[in-house]
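Each chain, letter by letter, is given below.
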Amino acid sequence: MPWSKIVGGSSRLGELLEELATGLEQGLLPAGIFNDPEIFEREKEKIFSRSWIFLAHTSEIPSPGDYVLRYILDNAFIVVRGEDGQVRAFLDMCRHRGMRVCRAEAGNASHFRCPFHGWTYRNDGALVGVPAEREAFGEGFSKADWSLLPIPKLEEFDGLLFGNLSPEAPSLKEWLGDASWYLELVTKRSHAGLEVLGPPQRFVVNTDWKLALETFISDSYHTLMTHRSLIELGIAPRDAKYAMYGEQIHIPGKGHGTMVVGGPPGAKLPPFWGYPEEMMERAKTSYPTRTHWEVAKETRIFLITLFPNFSLHNPIRKPDHLYPKPVPMLTFRVWHPLGPGRIEVVSWGLVEKDAPEWFKEKALHSYMRFFGSSGTFEQDDTEIWSHVARNAGSTLGRRVLFNYQMGRGVAPDPNWPGPGVAYPINFTDENLRNFYRRYLELMLD
Amino acid sequence: MNLTQEILDFLYGEAELLDEGRYREWLDLLTEDILYRVPVRLTRERLPQGGHSGISEQMFHLDEDRTSLEMRVARLETGFAWAEDPPSRLRHFVTNVRIGEPRHTPLGEEVEVRSYVLVFRSRWDQPDFTFLSAERHDTLRKQNGSWKLAKRLVILDHSTLPTHNLSFFL
């Protein structure tokens, strides 16, 4: 049966998904999936309405009453730590007539008061104040029935808070599967855990969320050309194939992928991303297993993308072209979909809480100068992503098949010590083929 | 020439260099100890005393010193800086210039200058464009008879940037 029959709707959506289903294993993907209103509508329903979406890091809201406002699709959520220390997330919508009750992106509040009619909620969501309650609503009215609506699911993994719009969603642990082992390479690098370096940068890019994450789940191949300017400046290695080395690992059935890069053979790079000696020593005792440490000490560049739209990038990096020593940086980001061919990038810089102060400052500079809104790496990525999306949305361009055939026929690495399916080379699209298998599975479900 | 005219000439001349992509000449307008910052702006509740709020003291879109600015300019000259190749068509509209009292410092005569800037950006053949709007808090210092930029704080009017990168200067 053709997929167009299975998915229903217009033939346009059906055709694109059918092309994706037929072409995926041969590494052929229709450009149209990257900028199409019907694809986007289905992604909202089938992907974003039931996936675990990153909301915040707990270090953004360390004290009772601290809150940040975050989105899943077009839904605004107040992510808030209650007076009891517990983190909750509520739809930012007054239960009476729907006005926003939170009037800032971040802050500290014991209560949220609706400016429309004055309904007032405690930061644990309970409705505690209704003006002229008895006169207006009478005896039968119970405030307990009108609390702020909690997000259907909220769970934490090592300080990373994820929300899910579906009450039927599997647990976050189950969703992450073996990807959590790789997350721990970052989250358990220190006993103290991570802290954000201020609020996230936010900027809008005319592209598709999938195009953005591709770069952070698999595409080290683009480094040669997209980031050639940094190679010319001596920030990135001159070896044209340097991004090829490393293991690319995916978690089958989950869609998650990671890249663990040690560097070219024989390259004189400091161990453990180039983190300060004291941080390296502490990590030896904070990792949950010996294998974590064995992998981490050989790692210089590390990326994870969790299905569908959370990425983490943790490279060894020189903070500028003259600085003598590398200083690694860590960024989290959400590829927040705004519409077909349009996203908001939400990009955080983070560092270990117990890192030396001099290092925190350098790591922040390293982040701001290379990634995020002005980052000298990322600004070229966003330029290119926007033109790919523009072509993908064109009437002829949408029918073109993209090539995802890199690395076909390469056998998995049987000696890789971590979980998942590992390939011994980074010039491969294995992580992407795995990502789109999961994508297709959900889109056709 | 009076101080007002000197400062206006500096700001307008600087805008011309930025709009024409003459970044080496722009670097010559900066002191060696330049501090150039564009903090992240957040939507926050009104402060009881009024005035600006939500200006992050920790996270910036740009937090640059002389070396990192030179790195960004050198990058634009490599021939592989795709974010600005083809270059954006930029126009810095500088208005509402307010000039403080000049003062003598160990480093030379300095003056605080506030201005508004509206930056128009257009790329490729696309008819749409983006605007960035901001207030600039500058410190200018007179060196060998010429004004140089010693410090700039750019307070954006945007919480979420409406443009896909900051591959240029404000």
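Here, every reference points to the structure presented above.
The next thing to look at is the overall build of chain A. The secondary structure content of chain A amounts to 14 helices and 21 strands. Taken over C-alpha atoms, the radius of gyration comes to 23 Å for chain A, in line with the 22 Å a tight globule of 445 residues would show. A principal-axis box enclosing the C-alpha atoms of chain A has dimensions of 80 × 60 × 35 Å. In chain A, which comprises 445 residues, the proportion classed as buried is 61%. Looking at chain A alone, contacts between residues at least 24 apart form 66% of all its contacts between residues at least 6 apart. Here chain A has roughly 16700 Å² of accessible surface; of this, 53% comes from carbon and sulfur atoms. A gap of 2 Å separates the mean positions of the 49 positive and 55 negative side-chain charges of chain A.

In this section: the interface of chain B and chain A. On the chain A side, the residues contacting the 39 residues of chain B number 45 residues. Of the roughly 3700 Å² buried where chain B meets chain A, counting both sides, 58% is carbon and sulfur surface. At the boundary of chain B and chain A, one finds four salt bridges. The partner of B:Glu64 in a salt bridge is A:Arg369, with the nearest N and O atoms 3.7 Å apart. Here chain B and chain A share 32 residue pairs in polar contact (both at pLDDT 80 or more) between them. Secondary-structure elements contributing two or more residues to the side of chain B that touches chain A are strand 1 (30–41), strand 2 (55–64) and helix 3 (66–76) of chain B. Tallying contributions element by element places strand 2 of chain B first for the side of chain B that touches chain A, with eight residues.

Turning to the sheet that holds strand 6 (residues 106–108) of chain A, a few remarks are in order. All names here are of chain A. Spatial ordering of the open sheet is given by 5-4-3-6, a layout of four strands whose pairing is antiparallel. The sheet is open, and its two borders are formed by strand 5 (87–91) and strand 6, each paired with just one other strand. Across the sheet, the mean angle separating the axes of adjacent strands is 30° when strand polarity is ignored. The sheet contact formed by strand 4 (residues 75–81) and strand 5 spans five bridges and is antiparallel.

Conventions we followed
- Residues numbered from 1 in each chain as written.
- Chains lettered and ligands numbered in written order.
- Predicted model: local features only at pLDDT ≥ 70, side-chain atom pairs only at ≥ 80, totals over all residues.
- Heavy atoms only, no water.
- Helix = DSSP H or I, 4+ residues; strand = E, 2+ residues; numbered from the N terminus.
- Rg over C-alpha atoms; globule rule 2.2 N^0.38 Å.
- Buried < 20%, exposed > 50% of the residue type's maximum accessible area, 1.4 Å probe, protein only.
- Contact = heavy atoms within 4.5 Å.
- Areas by Shrake-Rupley, 256 points an atom, 1.4 Å probe, with all protein chains shown as cover.
- Lys, Arg positive; Asp, Glu negative; His and termini not counted.
- Charge placed at Lys NZ, Arg CZ, Asp CG, Glu CD.
- Buried area = accessible area lost by both parts, 1.4 Å probe.
- Salt bridge = Lys/Arg side-chain N within 4 Å of Asp/Glu carboxyl O.
- Polar contact = N/O pair within 3.5 Å; in protein donor to acceptor, adjacent residues only side chain to side chain.
- Pairing = 2+ DSSP bridges.
- Axes fitted to C-alpha atoms, helices over the stretch in contact; angles between N-to-C directions.

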